[in-house]
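Report on the structure
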Amino acid sequence: MKKASILIAMAYASLALVSCTGTGKPSPTQDPAPERIVTGADQVGEYLPYLKGKRVGMSINQTSIIGDRLSVDSLVALGVEVEAIFGPEHGFRQDASNGAHVADEVDPDTGIPIVSLYGSNRKPTKEQLDALDIMVFDIQDVGCRFYTYINTLADVMEACAENGKELLILDRPNPNGFVDGPVLDMRFQSGIGKFPIPIAHGMTIGEFARMINGEGWLKDGMQCKLKIIPVKHYRHDLYYELPVSPSPNLNTQVSIILYPSLCLFEGTIISQGRGTYMPFTVLGAPALKGMYDFSFTPVSIPGMSEEPLHKGDTCYGIDLRDHDIEKLHASGRINLQWMLDFYQAYPDKGKFFDRSQSTAMGRIEALIGNDRFKQQVMDGMSEEAIRETWEPGLRAYKKMRTQYLLYP
């Protein structure tokens, strides 16, 4: 073996010693996991030879780690020619709020240009891809339709397909690996819902990429050439603790597991804790004073939420930071009861879904994915009755999903 090859082999062998980032354990109702999870990125020996000698672009953010080090830093140190970084919503270093415009810049650590895919353009341009031989996608998703990283994945896939570039996906576990929620009615397609999938889609990024290709969701049914490095020892029911926060407002494991349930409140007058350091773990509103003992006050927090709902006003509601998230995860279901309870408790029900009160309120139809849910809540339907209306779409989706799975 040549000296250079020996050095490379030694380097990624040393990386492997710290490669098992994050933890995986079975849900309380499941058998123990046989071995520790190894992400696609941590399997350096599987893809480093494939990248050597190529001009590489990387669609990554702060979750893109090998061991405890950013993957771009590790791969550059191993001699990979990384020509450009493409950052999603929140930016490459996770310093932008949700929905905030992110500008292009240069990474101060490596000198590599950083192209924002959440600024003036949402996908790499022909000129940018002409300078590359291959694109790498390595971003931690949380398994929800309204979490925008799957949109970035589709945009990158489309750009690669248009320009004849291969996409190498370094797969990561989905911490919310279950399937639940209504399938999006495409009449309500938006930036937080591009695909006819349920709220919790139950797929990893690698699996979702296969679905995008297989279902012809790219422009004109184009196909992106994919190479996927699967996660070792992962299954969808596994309770997985993320080693790095995936975005500024999902800053704890509790918030990540509660997110599929609590993000729906963005279409209501109820604060989900944006403007605090405990977002997506608390719920409340000023009008609920006297009904709940717990309170919090949203404020402007740069990089997290500059103009949160109810800024400067004390909100009264519930604290879910000690909620049994492992039990919620094991249930494989979104909790709708919180929504029903808060609607019943709110004194002026006509304002509960009224977006005219604040620009910080989203559109409930876009979040839930249909125009029935709001009326169902207002009519006092039970959670189980609402769920029954989801079943036809969910059955069809689950059948379709099986074609693209990489894991049990």
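Below is a short write-up of the structure. The model shown is predicted, which means the values in this text are computed figures rather than measured ones.

What follows concerns the packing of aromatic side chains. Here the distance between the centres and the angle between the planes together describe a pair of aromatic rings. Tallying each qualifying case throughout the model produces 15 aromatic pairs. Measuring from centroid to centroid gives 6.0 Å for Phe294 and Phe296, while their planes differ by 40 degrees, and the two rings are tilted. For Phe296, a relative accessible area of 4% translates into the label buried. An aromatic cluster of three or more residues is present, and its members are Phe146, Tyr147, Tyr149, Tyr259 and Phe280. Here the guanidinium or amino end of Lys54 rests over the ring plane of Tyr50, the centre of that ring lying 4.4 Å away. Lying across the ring of Tyr50, Lys227 places its NZ or CZ 4.8 Å from the centre.

Taken across its five residues, strand β16 (residues 315-319) has four buried, putting it largely inside the fold. Note: strand β14 (residues 282-285) against β16, four bridges, orientation antiparallel. Note that in β16 the partner of Leu283 across the bridge is Ile318.

On to the pattern of salt bridges. A full pass over the atoms with the stated rule returns 20 salt bridges. Here Arg321 and Asp319 are joined by a salt bridge, their closest N and O atoms 2.8 Å apart. Judged by relative accessible area, Asp319 falls into the partly exposed class, the value being 33%. With a closest N to O distance of 3.7 Å, Glu383 and Arg333 form a salt bridge. Taken together, the positions of Glu383 in helix α12 (residues 383-401) and Arg333 in the loop between α8 (325-331) and α9 (337-345) put the pair 50 residues apart, joining distant regions of the chain. Residue class for Glu383 comes out buried when judged on its relative accessible area of 13%. When its relative accessible area of 32% is taken as the criterion, Arg333 is described as partly exposed.

Pairing is mixed in the open sheet, where seven strands are placed in the order β6-β7-β5-β2-β8-β9-β12. Edge positions in the sheet fall to β6 (105-106) and β12 (226-229), since each of these pairs with one other strand and no more. Contacts between helix α2 (residues 44-51) and the sheet are confined to β2 (55-60), β8 (134-138), β9 (166-170) and β12, with β9 contributing the most and set at about 160 degrees to the helix. Relative to the sheet, helix α6 (residues 205-214) contacts β8, β9 and β12, its axis offset from that of β12 by approximately 160 degrees.

Running from N to C, helix α5 (residues 149-162) and α6 cross one another at 55 degrees; their axes reach a closest spacing of 10 Å. By the angle between their directions, the pair α5 and α6 is classed as oblique. When you trace α5 past α6, the crossing you get is right-handed. Residues Ile150, Leu153, Ala154 and Met157 of α5 form the contact with α6, whose own contacting residues are Ile205, Phe208, Ala209, Ile212 and Asn213. Among the residues making up the contact of α5 with α6, the classes are represented as eight nonpolar, one polar and no charged.

Pairing between the strands of a sheet comes from backbone hydrogen bonds, and it takes one of two forms, parallel or antiparallel. Strand order in the open sheet made by the three strands is β14-β16-β15, with antiparallel pairing throughout. Each end of this open sheet is capped by a strand with a single partner; those strands are β14 and β15 (294-296). Sheet twist, expressed as the average angle between the axes of neighbouring strands with direction ignored, equals 45 degrees.

What follows deals with the nonpolar core. Residues Leu153, Leu167 and Ile270 are the most contacted members of the largest nonpolar core, which totals 94 residues. In terms of residues, this core owes the most to one element, α5, which gives nine residues. Each residue touching Leu167, except ones within four places of it in the same chain, is listed here: Met135, Val136, Phe137, Leu153, Val156, Met157, Cys160, Cys224, Lys225, Leu226 and Lys227. Val44, Tyr47, Ile65 and Leu168 belong to the second-largest nonpolar core, a separate cluster that totals 24 residues.

Reading the values: rules and limits
- Residues numbered from 1 in each chain as written.
- Predicted model: local features only at pLDDT ≥ 70, side-chain atom pairs only at ≥ 80, totals over all residues.
- Heavy atoms only, no water.
- Phe/Tyr/Trp six-rings, centres within 6.5 Å; stacked < 30°, edge-to-face > 60°.
- Buried < 20%, exposed > 50% of the residue type's maximum accessible area, 1.4 Å probe, protein only.
- Lys NZ or Arg CZ within 6 Å of the ring centre and 35° of its normal.
- Helix = DSSP H or I, 4+ residues; strand = E, 2+ residues; numbered from the N terminus.
- Pairing = 2+ DSSP bridges.
- Salt bridge = Lys/Arg side-chain N within 4 Å of Asp/Glu carboxyl O.
- Contact = heavy atoms within 4.5 Å.
- Axes fitted to C-alpha atoms, helices over the stretch in contact; angles between N-to-C directions.
- Parallel < 35°, antiparallel > 145°, perpendicular 65-115°, else oblique.
- Left-handed = near helix turned anticlockwise from the far one by under 90°.
- Nonpolar A, V, L, I, M, F, W, Y, C, P; charged D, E, K, R; others polar.
- Core = buried A, V, L, I, M, F, W, Y, C linked by side-chain atoms within 4.5 Å.

Bear in mind that shape data such as this cannot, by itself, settle questions of function.
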